Amino acid sequence: MPTVSAISRSNEVISKMRIKHLLTGLNHRRCQRYSTGFTLLEVLVALVIVGTALGACLRAVGSLTRNSDGLRASMMATWSAENKLTQIRLASEFPDVGESDFDCPQGDLLLVCHEQVLATPNPMFRRVEVSVADSQYPDRRIIKLNQLVPR
């Protein structure tokens, strides 16, 4: 038969094991509770990646905006030059050799047209060149169109 001291020792061992088991179970539960979310470092890395992507997107949108303004100016300048060449064609007159400058606005865009009439090797034709520039930057030509006009 076991003695009282042996029984009390075994009860102590069992109670220590139970306490140890309970403590490890609590620690395990705590680890599970904390491991379900993201760490601060992971969140910061994600924010850096998202911020970099947004910065690249903003840069692309700005570039597209600048390009659309240039395309709009080019289209308006083409219309102005084509309008002048159509007027010359419809006038059914043989243009005199020379140069002239005139305003040719389109919408809210202020443009300046430069018309140059040149002689050709064939006296029955004249070459008409119409260059269009922005009135703020008259030295920077946007477009230049040519046309042959018969007598």
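Here the structure is a predicted model, which is why all the values come from computation and not from measurement.

Calculation notes
Residues numbered from 1 in each chain as written. Predicted model: local features only at pLDDT ≥ 70, side-chain atom pairs only at ≥ 80, totals over all residues. Heavy atoms only, no water. Patch = residues over 30% accessible without salt bridge, like charges linked within 9 Å, V, L, I, M, F, W, Y side chains within 5 Å. Areas by Shrake-Rupley, 256 points an atom, 1.4 Å probe, with all protein chains shown as cover. Salt bridge = Lys/Arg side-chain N within 4 Å of Asp/Glu carboxyl O. Helix = DSSP H or I, 4+ residues; strand = E, 2+ residues; numbered from the N terminus. Buried < 20%, exposed > 50% of the residue type's maximum accessible area, 1.4 Å probe, protein only. Polar contact = N/O pair within 3.5 Å; in protein donor to acceptor, adjacent residues only side chain to side chain. Contact = heavy atoms within 4.5 Å. Pairing = 2+ DSSP bridges. Axes fitted to C-alpha atoms, helices over the stretch in contact; angles between N-to-C directions. Disulfide = S-S within 2.5 Å.

## Examining a nonpolar patch on the surface
Phase 1: A cluster of nonpolar side chains, contributed by Phe38, Leu40, Val43, Leu44 and Leu47, occupies part of the molecular surface with about 560 Å² of accessible area.
Phase 2: Along the chain, leucine 40 turns up in helix α2 (residues 40-91).

## Considerations on the side chain of glutamine 147
Phase 1: Tracing the sequence through the fold places glutamine 147 in strand β4 (residues 137-150).
Phase 2: For glutamine 147, a relative accessible area of 10% corresponds to the buried category.
Phase 3: At a separation of 2.7 Å, a polar atom in the side chain of glutamine 147 contacts the side chain of arginine 89.

## Considerations on the side chain of glutamine 106
Phase 1: Its place among the elements puts glutamine 106 in the loop between β1 (98-103) and β2 (111-119).
Phase 2: Exposure remark for glutamine 106: the relative accessible area of 15% places this residue in the buried category.
Phase 3: A distance of 3.4 Å separates a polar atom in the side chain of glutamine 106 from a polar atom in the side chain of serine 80.
Phase 4: Setting aside residues up to four positions removed in sequence, glutamine 106 forms contacts with Met76, Trp79, Ser80, Asn83 and Leu111.

## Focus: the pattern of salt bridges
Phase 1: This structure, assessed with the given rule, holds four salt bridges.
Phase 2: The shortest N-O distance in the salt bridge between glutamate 115 and lysine 84 comes to 3.5 Å. Within this pair, whereas glutamate 115 is found in strand β2, its partner lysine 84 is found in helix α2, the two being separated by 31 residues in sequence. Lysine 84 carries the same exposure label as glutamate 115, and that label is buried.
Phase 3: Ionic pairing is found between arginine 127 and glutamate 129, a salt bridge with its closest N-O pair at 2.2 Å.
Phase 4: Arginine 127 gets classed as partly exposed once you look at its relative accessible area, which sits at 33%.
Phase 5: Bridged by salt links that share partners, the residues Arg127, Glu129 and Lys144 form one connected network.

## A look at the sheet that holds β4
Phase 1: Overall, antiparallel pairing links the four strands, which are arranged β1-β2-β3-β4 in an open sheet. For this open sheet the edge positions go to β1 and β4, each flanked by a neighbour on one side alone. This sheet shows a mean twist of 20° between the axes of neighbouring strands, independent of strand direction.
Phase 2: Across nine bridges, the pairing between β2 and strand β3 (residues 125-134) is antiparallel.

## Comments concerning the state of the cysteines
Phase 1: A full pass over the atoms with the stated rule returns one disulfide.
Phase 2: A sulfur-sulfur distance of 2.0 Å marks the disulfide that ties cysteine 104 to cysteine 113. The sign of the S-S torsion, about 95°, decides the handedness of the disulfide formed by cysteine 104 and cysteine 113: right-handed.
Phase 3: Note on cysteine 104: relative accessible area 10%, which makes it buried.
Phase 4: Classification of cysteine 113 by relative accessible area gives buried; the value is 0%.

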